[in-house]
Structures are given as C-alpha cells and as structure tokens.
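Here is how the chains run, residue by residue.
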Amino acid sequence: TPLDKIRNFSIIAHIDHGKSTLADRLIQATGGLSDREMSEQVLDNMEIEKERGITIKAQTVRLAYTASDGETYTLNLMDTPGHVDFAYEVSRSLAACEGALLVVDAAQGVEAQTLANVYQSIEHDHEIVPVINKIDLPAAEPEKVKAEIEDVIGLDASEAVLASAKSGIGIAEILEAVVRKIPAPRGDATAPLKAMLVDSWYDPYLGVVILVRVIDGTLKKGQLVTFMQAGTQHLVDRVGCFRPKIEQLTDLGPGEIGFITAQIKDVAMARVGDTLTDAKRPAAEALPGFKEVQPVVFCGLFPVDANDFEKLRESISKLRLNDASFSFEMETSAALGFGFRCGFLGLLHLEIIQERLTREYDLDLITTAPSVVYQIQLTHGGGQIDLHNPADMPDPNRIESISEPWIEATIYVPDEYLGSILKLCQDRRGIQKNLTYVGGRAQATYELPLNEVVFDFYDRLKSLSKGYASFDYHQIGYREGDLVKMSILVNEEPVDALSMIVHRGTAEVRGRGMCERLKELIPRHLFKIPIQAAIGGKVIARETISAMRKDVTAKCYGGDATRKRKLLEKQKKGKAKMREYGSVSIPQEAFIAALRMG
Ligand code: GTP
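Residues numbered from 1 in each chain as written. Predicted model: local features only at pLDDT ≥ 70, side-chain atom pairs only at ≥ 80, totals over all residues. Heavy atoms only, no water.

- Per an unreviewed UniProt entry, the chain goes by Elongation factor 4 and derives from Sphingomonas metalli.
- On record in UniProt, under Catalytic activity (unreviewed entry), the comment for the chain is "GTP + H2O = GDP + phosphate + H(+)".
- For the chain, the Subcellular location (unreviewed entry) comment in UniProt is given as "Cell membrane". (UniProt positions renumbered as here; feature names shortened; annotations may be inferred.)

What follows is the structure, given as structure tokens:
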C-alpha cells in the first residue's frame, strides 16, 4: 500500500466508555466480517475477557475503507487495554500509530484513564480525534463533555464526532475523520529495513507471532532478519495481517502494521521494543527501545491439593508463554507446601492470571497476601537486596533501612464523595499534592505508598464513591519508610503465609484485623488457642479462641466402637483440607478468607 493510503490509529478511552464496541463497529462497517461472523466484541477473544469485558491483550486489525473521495485506504486499528495495570501495552501500541480516537462516554465525561491515555498519546505527537460515545443514553450530555475535553485536556472538541457504538450512530463520520485528520505514516521504502516489534504472543498453530510496525524498507517472507537488541537472526516464514481473520501476505512495506512468524519457540526471544532489520543490509542504528516492564506486585500461589503442584507448574509455564510480563519461581511454605512466588504488573493482572489458572486449568489455588518489592539496605556495607517475599526478610539487626515504592495517583470523584475519598487517602499515608474542581467533580492528586494501594484501595475507592470515582497511577520511585515485618502466630507458632510487611503506624490496626478474622475462621479445638500479631518479639494484637466444651466432645466421640471408627475416618477425610499448625488444624478456607481481606 502506498504511504498516503495508510492510516494507523488506536482507540484510547477510560474503561467501559465503549472502546471495544466501537472497534467492532468499525470492523463491521468496513466489511472485515460478515454479520453472521460478527460475534460480539470480536477483538476480545479470550473467554475471560468476554466475561469481564476487559481487553487484556492489545490486538490489531487491518480494515479496507473506501472514503468519500473515492479512494480506498488501509486502516490499521490497534485496540488497547484501558486498565492502569496495562498502561505499558497502551504505550507501545501508541508508538506504532500516527493518531488516536479519543472515546469519551457522553454520560460520564472525562475520567482518570482518559487523561492518562490522552497524555501518552500527545507525547507520541498523535493527531487526536475526539469521539463522544453513547449519545443514545438518556443521561448523555455531549455539550458538557465537549466543554470538559476542552477545559481539562485542552483539545479542540468543536469537531468531535457524536456517536453511539451500540446503535451504530456516527460510525461513517468516524471513518471519514480518521482518513482526513490522522496523518499518513512516513517512511523510506529504499532504506534498509527497520521495523519495530510492537507485541508478541504464542499461538498454538502458528507458534510465536510477532506484531511489527515497519518504519523503513520492506519486510518479506523468506527474509533473514536480525533482532538488533537480542542480537539474534531468524528466517521469516510468514508475513500477514489480521482482518480480523488471518491473511497471509508476501511483504509489509513502510508504514504498514502486520505480523510475522519466524520459527521462534519462546516469546521471551521476541522482546517488545526490539528493532528488526535485514541481516544482509542492516540499518545503522536501532529504534529507541521501550523500557522493560517489571512486575510490581508479588504473591504466592499454592495448590489447595498438594498433588496438583506439577499441574500448577505446567499451567503457569503455559500462561507465561503468552505473557512475558509476569514472573514466577518456586516457593515453599510451611503452611502451604510447594507453590510459586509470582510477580504481576498490578492487582488486576494478578486476578486475571489467578482466574485463568482456576478456570482454564481447573486448579484450586491459595493466593497469599500481595506484596510490593522492598529495597533493603543492609548494615556493615552489606549492600542492597530486593525483597519480594516477606518471609525472606533479613534479621532486623542486619537492616540499615527499608524503602518502598511510591506512586502518584490521580483521582476523579464527584464532590459529594470527596470527603470520604480524602480520608481514605489520608488513612493510607497519602500526601495530597493537588486538588482542583471541574464541573461538579474534584480531581485530587496524591502521593501514596504502593503497598497501601495493592490491598483493597481500588475496591474501597469504588465502594466509597458508589462506583463514581476513577483512579490512575504511575510509580514515582522508592522512599525510605518505617517498615516492619508483622508475623501472625497461631498457638505460639508463626504462620509464614500470613506474615506481611507493614508501616509501623498502621501495624496495630492491620494486626488486630487479622487476629479478629482468624478468630472467626479457625474452628475451636479441645484447648484454647491464642492468635497473635507480633513485630519482632513484641505482641501488638491478640485474640483467643476458647476451648471446646467437654460435653460436646464427649458427645462427639462417645458411643460404640464402629461409630467411633467411622467418625475418625470422616475426620481424617475432613483433615485432608486442613493444615496442621503445631497441634492446631487450620482449614484451608481460613487462609483463603484471611488473605482475601489483606
Ligand atoms: P474495556 O475493554 O473494558 O476497556 O471497555 P471498553 O471501553 O472497550 O468498553 P466496551 O466496548 O466493553 O463497552 C462498555 C459497555 O458500554 C458495554 O456494556 C457496551 O455495551 C456499552 N456501550 C458501548 N457503546 C455504547 C453506546 O454507544 N451506547 C450505550 N448505551 N452503551 C454502549
């Protein structure tokens, strides 16, 4: 395709503002799929995505559109995820485009992720076409939203397209606007090949599939290419695009987006941000790379049934084939047995992986309390260690200081809920940086320790604001804090899976909460069981589970020998689901419930 007939764009939006629905409409309108093939939300092809309505993996579709000028254009539409955990995928998709459709819900207006995404888009010098979606809703206020786009973002919204992705209103106007407003890509067909590796994933039929954006030169089937960053060479065996069905091509020219396969076995060998060039006539220098993503939230995943350990290992390895952004290594816990310590981009990412393991691989799992990565400065020039697991915390007298990651959060919230949101931020050690008002809503900027956010901040935010608050964040680096390891002791024995790192100031509240919950969750025994939260040797909270009454036991275990034996057998079976803690049995559910609530 000649350069001037290509348009590369993505859709950016806050979650639920209708990005995927709009993408489907655009595919339908350009004939990418027949009506019959048009299942709902074709871009979200994983089962979970459909159920959750979240786009997890960015996808790209090539559309053929004949515009009002009579010319046929090739439109490459990149779908991007809207959730904060996947901001990184948004960023790399944006780098492959010249423009973006900014979708804003006509009833909701500009939200936290609208802003975060649009700023990224502006950073990539994109031409931005505002689309006000859901104008079919009775609560739609397109004029108000236009004003918001102008006031808050500073974009001209006078030509914003009014649309309803659901009812198919404004779709033709959007396609016209893409052709007229978004610039064609630039590139040199005669220069040595330079292509950007935008994404890679594992496909059971094709192997590792690599999504590329060609900058200069041509990428051909049969070509030997060098991955400049990795320093490896591969023979390209397929070139193609998604319409959204797969279509094989002979080559991809400058400005084009498509996929290649090159008999690569492992996604880790096709790193996002790498530059592909011709092995025989290489480009002088690589494209500026992307920064590597690092997992920020860690937790342990353990099988409920110890016999499932190998199955868990296999399942995790398979998932990892498609998602190089999560990490795992083996972990053992006295309470939970063999499992894995896993790292994720955020809490949602954690939940998605956990859910896929449960559903697609039919595994029963226990997830330990999520933890961030702490930097520990050791005494006597012992250097610095990164702590991913509270269980590995060094002895306190070897620790000079502990630092934790901080974030800057932007929160949008209707005025009436502002008070409780500010209190929430305060309780989580937040530092207010800014507070402004836009049309009945407040925009609050806070610095917060990530540790205080990973537990249940998002849930609390949503429930305190009846779902109206929106939230986005980015990391701003490490800061020293008064952090301590809090252990939970059941009948004087520390339970490793329940230990966590907390700020000294909030330790008591956390400890008391955990003890109270465990008291509810652990069944009574023949003796009384103390439950304690402790820092070092000092107990900061305590509850006691009282002993079972004698007559109850008498009743239980009384009677003739056969009945007694039956009862014992039953108990044994029941015990399979218990974990022995010294002389105390803790039901699996107790761990799960205690950990759920952080
Ligand atoms: P994520 O993929 O989760 O980021 O969300 P999204 O922005 O892709 O939103 P999605 O397309 O999944 O739409 C969210 C909800 O809004 C769905 O229930 C859609 O049916 C609905 N929706 C989308 N467009 C419209 C519209 O024009 N009008 C109305 N009334 N509802 C819409």
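After presenting the structure, the write-up continues.
1. Overview of the overall build of the chain
Here is step 1 of the chain: For the chain, the helix and strand inventory stands at 15 helices and 34 strands.
Here is step 2 of the chain: By residue count, 55% of the 598 residues in the chain fall in the buried class.
Here is step 3 of the chain: Considering only contacts within the chain whose residues lie at least 6 apart along the sequence, 69% involve residues at least 24 apart.
Here is step 4 of the chain: Summed over all atoms, the accessible surface of the chain reaches about 26600 Å², with 49% contributed by carbon and sulfur. (Helix = DSSP H or I, 4+ residues; strand = E, 2+ residues; numbered from the N terminus. Buried < 20%, exposed > 50% of the residue type's maximum accessible area, 1.4 Å probe, protein only. Contact = heavy atoms within 4.5 Å. Areas by Shrake-Rupley, 256 points an atom, 1.4 Å probe, with all protein chains shown as cover.)

2. What about helix H9 (residues 418-427)?
Here is step 1 of the chain: Among the residues of H9, those classed as buried are Leu418, Ile421, Leu422, Leu424 and Cys425. Summarising the axial view, the buried residues of H9 lie within an arc of 155°, below the 170-degree limit, and thus occupy one face. Pointing more than 90 degrees away from the buried face of H9 are the exposed residues Gly419 and Lys423.
Here is step 2 of the chain: Where H9 is buried, its residues touch strand S24 (399-414), strand S25 (431-438), strand S26 (441-449) and helix H11 (457-464).
Here is step 3 of the chain: Remark: Arg429 follows H9 within two positions and exhibits a positive phi of approximately 65°. (Arc of directions from axis to C-beta.)

3. Description of the packing of helix H1 (residues 19-29) against helix H6 (residues 171-181)
Here is step 1 of the chain: Close contact between H1 and H6 brings their axes to 10 Å; oriented N to C, the two are set at 85°. As far as their axial angle goes, H6 and H1 are roughly perpendicular. Every residue of H6 that contacts H1 at Leu22, Arg25, Leu26 and Ala29 is listed here: Ile171, Ile174 and Leu175. (Axes fitted to C-alpha atoms, helices over the stretch in contact; angles between N-to-C directions. Parallel < 35°, antiparallel > 145°, perpendicular 65-115°, else oblique.)

4. Observations regarding the environment of Ala13
Here is step 1 of the chain: Of note, Ala13 is situated in strand S1 (residues 6-13).
Here is step 2 of the chain: Taking the C-alpha atoms as reference points, Ala13 and Ala116, 103 residues apart in sequence, are found 9.4 Å from one another.

5. Notes on the side chain of His234
Here is step 1 of the chain: One can find His234 in strand S11 (residues 232-235).
Here is step 2 of the chain: In this structure His234 comes out as buried when scored by relative accessible area, which is 10%.
Here is step 3 of the chain: A distance of 3.3 Å separates the side chain of His234 from the side chain of Thr232, its partner in a polar contact.
Here is step 4 of the chain: With near-sequence residues (within four places) excluded, His234 lies in contact with Gln223, Leu224, Val225, Phe227, Ala262, Ile264 and Met269. (Polar contact = N/O pair within 3.5 Å; in protein donor to acceptor, adjacent residues only side chain to side chain.)

6. Regarding the confidence of the model for the chain
Here is step 1 of the chain: Taken as a whole, the chain shows an average pLDDT of 84; of its residues, 85% reach a score of 70 or greater.
Here is step 2 of the chain: Between residues 52-56, whose pLDDT stays under 50, and residues either more than four places distant or in other chains, the model counts 20 contacts.
Here is step 3 of the chain: Counted against residues more than four places away or in other chains, residues 552-559, with its pLDDT under 50, gives eight contacts.
Here is step 4 of the chain: ipTM for the predicted complex: 0.97, alongside a pTM of 0.70. (pLDDT = per-residue confidence, 0-100.)

7. Focus: the environment of Leu336
Here is step 1 of the chain: Topologically, Leu336 is positioned in the loop between strand S18 (327-333) and strand S19 (337-344).
Here is step 2 of the chain: For Leu336, a relative accessible area of 2% puts it in the buried group.
Here is step 3 of the chain: Taking the C-alpha atoms as reference points, Leu336 and Phe302, 34 residues apart in sequence, are found 6.5 Å from one another.

8. Topic: the UniProt feature "binding site: GTP" (unreviewed entry) in the chain
Here is step 1 of the chain: The sites that carry the UniProt feature "binding site: GTP" (unreviewed entry) are, in the present numbering, Asp16, His17, Gly18, Lys19, Ser20, Thr21, Asn133, Lys134, Ile135 and Asp136.
Here is step 2 of the chain: With respect to the helices and strands, Asp16 occurs in the loop between S1 and H1.
Here is step 3 of the chain: Apart from residues no more than four positions distant in its own chain, Asp16 is found in contact with Asp105 and Lys134.
Here is step 4 of the chain: Residue position: Asp136 is located in the loop between strand S5 (127-133) and helix H5 (142-153).
Here is step 5 of the chain: For Asp136, the contacting residues outside a window of four places in its chain are Ser164 and Ser167.

9. With respect to the sheet that holds strand S10 (residues 224-227)
Two modes of strand pairing occur in sheets, parallel and antiparallel, and in both the strands are linked by backbone hydrogen bonds.
Here is step 1 of the chain: Reading across from one edge, S11-S10-S16-S7-S8-S15-S12-S13 is the order of the eight strands in this open sheet, with antiparallel pairing throughout. If you trace the sheet from one side to the other, it starts and ends with S11 and strand S13 (246-249), each paired once. Put simply, the sheet's adjacent strands are angled 40° from each other on average, direction ignored.
Here is step 2 of the chain: Here strand S12 (residues 238-242) pairs with strand S15 (residues 257-261) via three bridges, running antiparallel. By the bridge assignment, Arg238 is partnered in S15 with Thr261. (Pairing = 2+ DSSP bridges.)

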